[in-house]
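# Residue-level structure breakdown
Here's the letter readout for the chains.
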Amino acid sequence: EAQVTQNPRYLITVTGKKLTVTCSQNMNHEYMSWYRQDPGLGLRQIYYSMNVEVTDKGDVPEGYKVSRKEKRNFPLILESPSPNQTSLYFCASSNQGRSRYEQYFGPGTRLTVT
Amino acid sequence: GESVGLHLPTLSVQEGDNSIINCAYSNSASDYFIWYKQESGKGPQFIIDIRSNMDKRQGQRVTVLLNKTVKHLSLQIAATQPGDSAVYFCAEGGGADGLTFGKGTHLIIQP
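These remarks concern the structure in this document. Owing to the predicted nature of the structure, the values given are computational and were not obtained by experimental measurement. Every chain is numbered on its own, with residues counted from 1 as its sequence reads. Labels follow written order: the first chain is A, the first ligand is 1, and so on. With pLDDT at 70 or above as the cut-off, local features in this predicted model cover only qualifying residues; side-chain atom pairs require 80 or more to be listed or tallied, and sums for whole chains, interfaces and linings still use all residues. The basis for the side-chain values is all heavy atoms of the structure; hydrogens and waters are excluded.

This next bit is on the interface of chain A and chain B. It only takes one pair of heavy atoms within 4.5 Å for two residues to be counted as in contact. Across the boundary between the two partners, chain A contributes 21 residues, which contact 23 residues of chain B. Note on terms: buried area is the combined drop in 1.4 Å-probe accessible area of two parts once they are placed together, counting the loss on both. Contact between chain A and chain B buries roughly 1,700 Å² in total, counting both sides, with carbon and sulfur atoms accounting for 53%. The term salt bridge refers to a pairing of a side-chain nitrogen on Lys or Arg with a carboxyl oxygen on Asp or Glu at a separation within 4 Å. For the pair chain A and chain B, the number of links is zero salt bridges. As used in this structure description, the phrase polar contact means that two N or O atoms lie within 3.5 Å; if the pair is within protein, one of them must be able to donate a hydrogen and the other to accept it, and residues adjacent in sequence are counted only when both atoms belong to side chains. Summed over the shared surface of chain A and chain B, the number is three residue pairs in polar contact (both at pLDDT 80 or more). Here a helix means four or more residues in a row that DSSP labels H or I, a strand means two or more in a row labelled E, and each is numbered from the N terminus. Elements with a minimum of two residues in the side of chain A that touches chain B: strand S4 (31-38) and strand S5 (42-51) of chain A. The element that contributes the greatest number of residues to the side of chain A that touches chain B is S5(A), accounting for five residues. Ten residue types, Ala, Val, Leu, Ile, Met, Phe, Trp, Tyr, Cys and Pro, are classed as nonpolar, four, Asp, Glu, Lys and Arg, as charged, and the remainder, Gly among them, as polar. Broken down by class, the residue content of the side of chain A that touches chain B amounts to ten nonpolar, six polar and five charged.

Structure representation (structure tokens):
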């Protein structure tokens, strides 16, 4: 089954404790992206990757890191989480070119930072 | 990027009626406009898109209309069903950085 998976689905952590949210897709997509979703603000892009070893900042990259060592994986790293990073996070993937806009989203990771 | 907005945070319609969800955008350089549906507890799901050189595009029970003169995008859902209950996001794309999403409209289906 074609899908985007994220782990963990729920995470409660404390300020400053490094964490990684994994994202994996099995559709051989070149493009991958991370979004955060907050009430009243919609979805905002954090980082994206056009292909392996190519990553770029989105609209809200501060406090986050990503890597793209393999095509299928795109982990999101919070080196020192803070309470303002409490949010619902989505990973997405798509093909390149025009079909980049037809993105497949993972189920989401709800993160709480205390 | 520039924001993509929606006129109403909530829209309530009777089952079987047609629904119209509106969206205003500000970046006239965008190439594509897209609608996503997000059901409770799930990630957004692609519904339909329209290229900036088109005015109308139809899918199964859905129609997207684009008015570039007033920078307005709408999603029409015919014969609304309970399964259509969700939050609908418009989004615009055109640069290398993917999509810019609006804030969403929650469509509520009344029995």
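Continuing now.
Strand pairing follows a simple DSSP-based rule, namely that at least 2 bridges must link the two strands. The antiparallel open sheet is built from four strands, whose spatial order is S1-S3-S8-S7 (chain A). In the strand order of this sheet, the two ends are held by strand S1 (4-7) and strand S7 (65-66) of chain A, each with one partner.

Throughout, a disulfide means two cysteine sulfur atoms within 2.5 Å of one another. Under the counting rule described, the total for this entry stands at two disulfides over all chains. Between the sulfur atoms of Cys23(A) and its disulfide partner Cys91(A) the distance amounts to 1.8 Å. On the sign convention where negative means left-handed, the S-S torsion of about -70° between Cys23(A) and Cys91(A) marks this disulfide as left-handed. Placement of the pair is Cys23(A) in strand S3 (residues 19-25) and Cys91(A) in strand S9 (residues 87-94), with a sequence separation of 68 residues. There is no split in this pair, since Cys23(A) and Cys91(A) are both buried. Two residues share a disulfide in this structure: Cys23(B) and Cys90(B), whose sulfurs sit 1.9 Å from each other. Handedness here is read from the sign of the S-S torsion; for Cys23(B) and Cys90(B), about 55°, the answer is right-handed. Of the two residues, Cys23(B) sits in strand S3 (residues 19-25) while Cys90(B) sits in strand S9 (residues 86-93), which places them 67 residues apart along the sequence. Classification of Cys23(B) as buried rests on a relative accessible area of 1%. The classification of residues rests on relative accessible area computed with a 1.4 Å probe and restricted to protein chains. Under 20% of the type maximum is buried, over 50% is exposed, and intermediate values are partly exposed.

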